[in-house]
Amino acid sequence: MLTTGPVEAYPQVLAALGRPMQYDYLPAYQDYYAGVVARLRRVLRMDDDPVIMQGEAILGIEAAAAALIGDGDVVLNIVSGVYGKGFETWARRHGREVVEIAVPFDEVVDPQAVRAALRQRPDISIVSICHHDTPSGTINPVEEIGAIVAEHGAYLIVDAVSSFGGMDIFPHSCAAAVFVTSPSKCLGSAPGLSLVAVSERGWRKIEANPAAPRASFLSLADWRGASRPGAAFPVTPSIAEIHALDAALDLHEAEGAENVWARHAATAAATRRGLLDLGYELWPRRPEWCSPTATVFRVPEGCDATELRNRLVREHNILISLGRGATAGKVLRVGHMGPAARPENATKFLAALESVLSRQGV
Ligand SMILES: *Cc1c(COP(=O)(O)O)cnc(C)c1O
């Protein structure tokens, strides 16, 4: 599975999914859960406890919008791809107005454009951005943008679902009010949870927002402090998925974040180099915009993306991802996430691609 998520999970993660069920009302489970949250806090390099929500990462992103955006807020939605554009729906639902900065989906956003938008509209109070828009394979300069947003005094929502863990990105480094990631991309765990980092200032804004969901499956606030001794869980925790996350975080810490990033970067670099040498065209218009966690390339003239994907599976047992939304049919995507981020996978993939296409006369 060289997919862009969900990804092949580490064997230790699969084993952890088979650990015995536990009864969450017992102090022993609460201690265990608090330990997983503390480990996640270390991996996210946070001072405060993150929140684990029980649904795939879109839940965390929708919950962030619902919690942070009040009916007086003007949201600047930054769009460089399918996920960035998708945030608009939630921003419109909760906010007063949505302002957009958009670039073509094979480009990234210029921080100076964000600065200019904030100058033009001093009433912008929330900014949202997707760090790695996976259908495009591009990385936005979110640290620089975060510093500009902080200077302006707005709150930043960051979708780092398919970048966190696979490269050097953290909630504090982009000054995020809410930072959302997933276990089922670069951490190599199972889908089903949202990992949400909220800053102290972000929590204050949420507490002051009367429209922020409470007593709801969409509520971030309900999960705040769920891991504290004696606290009750809002609902039964997803026992198996928490076990899987525990194993994935254990592996990440044991290998060391920097080593994990290096493995992702080396795999992406080898894949890019090989594709370029063979005459393929990358989707991102500049090499420095390319993600270290997924490589997106244009489907050669005269080829059908789905047919090519299917032949790679049938003939070589290699599964890659198709484009999505605006990139559907135009690109193919190779994930370098979690256990798939190994340079030898680049060689295997390139050899398979060449074999399939040369037999087709391309
Ligand atoms: C995978 C992903 C998500 C989560 O989306 P799902 O459809 O739940 O998998 C959100 N944002 C980005 C950038 C992603 O790659």
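Read on for a plain summary of the structure. Given the structure is predicted, the values throughout are model-derived calculations rather than measurements.

**Some thoughts on empty space enclosed by the protein**
Regions of empty space are outlined by a rolling probe, equal in size to a water molecule, passed over the atoms. Counting across every chain of the model gives one cavity of 30 Å³ or more. Reported here for the largest cavity is a volume of approximately 60 Å³. As for the largest cavity, its lining consists of Tyr 10, Cys 186, Leu 187, Ala 248, Leu 251, His 252, Glu 255, Val 260 and Arg 263. Looking at the lining of the largest cavity, the elements with two or more residues in it are α9 (239-255) and α10 (257-277). At four residues, α9 tops the list of elements feeding residues into the lining of the largest cavity. Broken down by class, the residue content of the lining of the largest cavity amounts to six nonpolar, one polar and two charged.

**A word on the site of the ligand**
Contacts to the ligand come from Glu 56, Ile 58, Ile 61, Tyr 83, Cys 130, His 132, Thr 134, Asp 159, Val 161, Ser 162 and Lys 185. Between the ligand and the protein, one listed contact pairs a nitrogen atom with a side-chain N or O atom of Asp 159 at 2.7 Å. Alone, the ligand offers 380 Å² of accessible surface; in the complex the protein occludes 85% of this. If you map the ligand onto the pockets, it falls in the largest pocket. Partitioned by chemical class, the residues of the shell around the ligand number five nonpolar, three polar and three charged.

**Considerations on helix α3 (residues 58-68)**
Most of α3 sits inside the fold, with ten of its eleven residues counted as buried. Turning to α3, its buried residues number three or more, namely Leu 59, Gly 60, Ile 61, Glu 62, Ala 63, Ala 64, Ala 65, Ala 66, Ala 67 and Leu 68.

**Regarding unusual backbone geometry**
Residue Pro 6 follows Gly 5 across a cis peptide bond; omega there is -5 degrees. Secondary-structure assignment places Pro 6 in the segment before α1 (11-17). The residue Ala 215 is not glycine, and still its phi comes out positive at about 50 degrees. Note that Ala 215 resides in the loop between α7 (200-207) and α8 (220-223). Among the residues examined, Ala 215 registers a relative accessible area of 75% and is labelled exposed.

Each value, and the rule that gives it
- Residues numbered from 1 in each chain as written.
- Predicted model: local features only at pLDDT ≥ 70, side-chain atom pairs only at ≥ 80, totals over all residues.
- Heavy atoms only, no water.
- 1 Å grid on protein atoms, 1.4 Å probe; cavity = no way out; pocket = protein on both sides within 12 Å on 5 of 7 lines; lining within 4 Å.
- Points joined across faces, edges and corners; volume = space filled by probe spheres on them.
- Helix = DSSP H or I, 4+ residues; strand = E, 2+ residues; numbered from the N terminus.
- Nonpolar A, V, L, I, M, F, W, Y, C, P; charged D, E, K, R; others polar.
- Near = heavy atom within 4 Å.
- Polar contact = N/O pair within 3.5 Å; in protein donor to acceptor, adjacent residues only side chain to side chain.
- Areas by Shrake-Rupley, 256 points an atom, 1.4 Å probe, with all protein chains shown as cover.
- Sits in = over half its atoms within 2 Å of the grid points.
- Buried < 20%, exposed > 50% of the residue type's maximum accessible area, 1.4 Å probe, protein only.

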